[in-house]
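Here's the letter readout for the chains.
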Amino acid sequence: YFIAPLQFPYPVVTIKSIALHALDNGTQDVALWLWRSRPATGAGAIMATIASSGQSATLARSFSTTAISPRIINSAYHGAFLTLSLPPGLDYRFYGVTIRYEA
């Protein structure tokens, strides 16, 4: 597992979509979770989940979703971070994440 904090250039953002860019040539999936945390209370909520599906031996592919809830991150109350699960072996590669948002 890998964890990465997110920071946005605006204090309040609405997440529109998120995309995982990965190579998946195995029977397991590369998985990504977008989290919104609330440090004052210790609570957290999964905003979106994406998993690779199917296999491709040569091409990195993009897997995206617009099914995001809750959508708003207000930095006065929330933090945000990503969690990535990359299966072991050479059949999986992670290339990046694209987050589309509006302020």
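All values reported here derive from a predicted model rather than from experimental measurement. (Residues numbered from 1 in each chain as written. Predicted model: local features only at pLDDT ≥ 70, side-chain atom pairs only at ≥ 80, totals over all residues. Heavy atoms only, no water.)

J.: Before we move on, could you go through the overall build of the protein and cite the residues and values that matter?
T.: The number of helices and strands found in the protein is zero helices and eight strands. Counting from the amino terminus, the protein carries its helices and strands in the arrangement β-β-β-β-β-β-β-β. Taking all 103 residues of the protein together, 37% fall into the buried category. Partitioning the contacts of the protein with sequence separation of at least 6, the portion at a separation of at least 24 is 74%. Accessible surface computed for the protein: about 6100 Å², of which carbon and sulfur atoms make up 55%. Between the averaged position of the 7 positive side-chain charges in the protein and that of its 4 negative side-chain charges there is a distance of 12 Å. (Helix = DSSP H or I, 4+ residues; strand = E, 2+ residues; numbered from the N terminus. Buried < 20%, exposed > 50% of the residue type's maximum accessible area, 1.4 Å probe, protein only. Contact = heavy atoms within 4.5 Å. Areas by Shrake-Rupley, 256 points an atom, 1.4 Å probe, with all protein chains shown as cover. Lys, Arg positive; Asp, Glu negative; His and termini not counted. Charge placed at Lys NZ, Arg CZ, Asp CG, Glu CD.)

J.: Let's hear about the environment of Tyr1: which residues, and what values?
T.: Relative to the helices and strands, Tyr1 is located in the segment before strand 1 (2-6). According to the relative accessible area criterion, Tyr1 is exposed, its value standing at 71%. For the pair Tyr1 and Leu84, spaced 83 residues apart in the sequence, the C-alpha separation amounts to 5.5 Å.

J.: I'd like to hear about the pattern of salt bridges, residue by residue, with values.
T.: Following the criterion strictly, the structure yields one salt bridge and no others. For the salt bridge of Lys16 with Glu102, the shortest nitrogen-to-oxygen distance reads 3.6 Å. With Lys16 in strand 2 (residues 12-24) and Glu102 in strand 8 (residues 92-102), this pair connects stretches of sequence that are 86 residues apart. For Glu102, a relative accessible area of 43% gives the class partly exposed. (Salt bridge = Lys/Arg side-chain N within 4 Å of Asp/Glu carboxyl O.)

J.: Lay out the nonpolar core in plain terms, naming residues and giving numbers.
T.: In terms of nonpolar packing, the biggest core is built from 20 residues, with Ile15, Ile18, Leu20, Leu32 and Leu34 touching the most fellow members. Contributing elements (two or more residues each) for this core: strand 2, strand 3 (31-38), strand 4 (43-51), strand 7 (79-85) and strand 8. The leading source of residues in this core is strand 2, at five residues. Every residue in contact with Leu34, bar those within four places of it in the chain, is listed here: Leu6, Ile15, Ile18, Ala45, Ile46, Met47, Ala48, Phe81 and Leu82. (Core = buried A, V, L, I, M, F, W, Y, C linked by side-chain atoms within 4.5 Å.)

Read these as spatial facts, not as claims about activity.
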